[in-house]
Amino acid sequence: MTAKTGKAGKTKSTAKIPLTWLYVPGDRPERVAKALAAGADVVIVDLEDAVPADRKSYARAATAELLADHHREVPVHVRINSLDGPLARLDVEALAGRPGLAGLRLPKVTSPGQISEVAELADAPPLFALLESALGIEQAYAIATAHPCLRGLSLGEADLRADLGAGADSALDWSRSRVICAARAARLPSPPQSVHPDIHDLDALAASCAHGRSLGFFGRAAIHPRQLPVIEAAYLPTPDEITAAQQILEAAATDTGALALPDGRFVDAAVVAVAERTLSLSRRSPA
């Protein structure tokens, strides 16, 4: 894709960090309509893997028509086609500047130059990089700091698993942590987890979300609306976590330095910050 000189956003978004991201095929407008009403924080219209080659043009046109309308509560992001092929440029030219476009998700990113290239196109929206290969993981921090238009990182675990030849799910934990650290070091939001491919096994989804939360992910992408409540339940604080956070903030209100609670927990500024975030999340309404 050849870059053009143009405008690029220079400030990071101050909007609420999404917790649920719902993918939907771009060549199925009726499914897009249902996805917008499903309760996700963000709907991602997919022009890449979910769309057959002979329907790419139709998906692009249908998505451009959708994005002509900006009067909707749910932000709409679009995952464009691979940056190393001719379709990506067509996608960006058709969609950039549309009033209903809240972000572009760039698949299979392997270098910071790819971010800059898209960002320099006219009217570039917020960009989100998907790291889906060993090379992408190795370049994670450079990609995260490539351009102010970049607002987030996430993993594409199916492609990454194939690239690494990884069998056990735990084999991806190092890559997951690498991306989380790169995002936070670049002062980007904590990344959401990659999709869970089994839409029927909700217990496995919940267990996977609990593991992802323990690593430092925040929220998760979904491929079916039934996954949304499970993701929210996994990432919202439990009653015990809320109670603990309240105790920490009550103690901190009477002492501005480091202190120990009666049960032996040590409290300092970092612990207080986590408690404040926990209470903020507790006020969020479930899907």
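Because the structure is a prediction, the values reported are computed rather than measured.

K.L.:
Explain the pairing of strand β4 (residues 101-106) to me, please; I cannot follow it from the model alone.
P.N.:
Across a regular strand the side chains alternate sides, sitting on one face of the sheet and then on the other. Most of β4 is tucked away, with five of its six residues classed as buried. Pairing of strand β3 (residues 76-79) with β4 involves four bridges; the strand directions are parallel. Each residue of the ladder has a partner; that of V78, found in β4, is L104. Following the backbone out of β3, through helix α3 (residues 87-95) and into the adjacent parallel β4, one traces a crossover that is right-handed. Here β4 pairs with strand β5 (residues 127-131) via three bridges, running parallel. Following the sheet pairing, L104 is matched in β5 by L127.

K.L.:
What exactly am I supposed to notice about the packing of aromatic side chains here?
P.N.:
The geometry of two aromatic rings is summed up by the distance between their centres and the angle between their planes. Taken as a whole and assessed by the stated rule, the structure comprises two aromatic pairs. Between the aromatic rings of W21 and F128, the centroid separation amounts to 5.9 Å while the plane-to-plane angle is 70 degrees, which identifies the pairing as edge-to-face. Remark: F128 occurs in strand β5 and W21 occurs in strand β1 (residues 20-25); sequence separation between them is 107 residues. Each member of the pair, W21 as well as F128, is classed as buried. Aromatic pair F218 and Y235: ring centres 6.3 Å apart, planes at 75 degrees, arrangement edge-to-face. Taken together, the positions of F218 in the loop between α9 (202-215) and β7 (220-222) and Y235 in helix α10 (residues 228-235) put the pair 17 residues apart, joining distant regions of the chain.

K.L.:
I tried to follow the nonpolar core on my own but got confused; where do I start?
P.N.:
Side chains of nonpolar character tend, in soluble globular proteins, to be buried together. With 65 residues, the main nonpolar core has V78, L104, L106, L127, L131 and L153 as its most contacted residues. Top element by residues in this core is α10. It accounts for five residues. Excluding anything up to four places from it in sequence, L104 contacts V78, I80, V92, L95, P125, P126, L127 and F128. Counting 10 residues, the second largest nonpolar core, distinct from the first, contains I248, L259, V267 and A275.

Thresholds, definitions, all that
Every chain is numbered on its own, with residues counted from 1 as its sequence reads. For this predicted model, a pLDDT threshold of at least 70 governs which residues receive local features, and a threshold of 80 or more governs which side-chain atom pairs are given and counted, while totals over whole chains, interfaces and linings are taken from all residues. Only hydrogens and water are set aside; all other atoms, that is, all heavy atoms of the structure, feed into the side-chain values. Exposure classes here rest on a 1.4 Å probe applied to the protein chains alone. A residue is buried below 20% of its type maximum, exposed above 50%, and partly exposed in between. Numbering of helices and strands runs from the N terminus; a helix is a DSSP stretch of H or I covering at least four residues, while a strand is a stretch of E covering at least two. Any two strands between which DSSP finds at least two bridges are classified as paired. The crossover handedness rule: strands pointing away from the viewer, path from first strand over the helix to second strand clockwise, crossover right-handed. For this analysis, a ring pair means two rings from Phe, Tyr or Trp (six-membered ring only for Trp) whose centres lie within 6.5 Å, classed as stacked if their planes differ by under 30 degrees, edge-to-face if by over 60, and tilted for the remaining angles. By nonpolar core is meant a set of buried Ala, Val, Leu, Ile, Met, Phe, Trp, Tyr and Cys residues that side-chain atoms within 4.5 Å join together. Pairs of residues are marked as contacts when any of their non-hydrogen atoms sit within 4.5 Å.

Remember that the coordinates give geometry; whether it matters functionally is a separate question.
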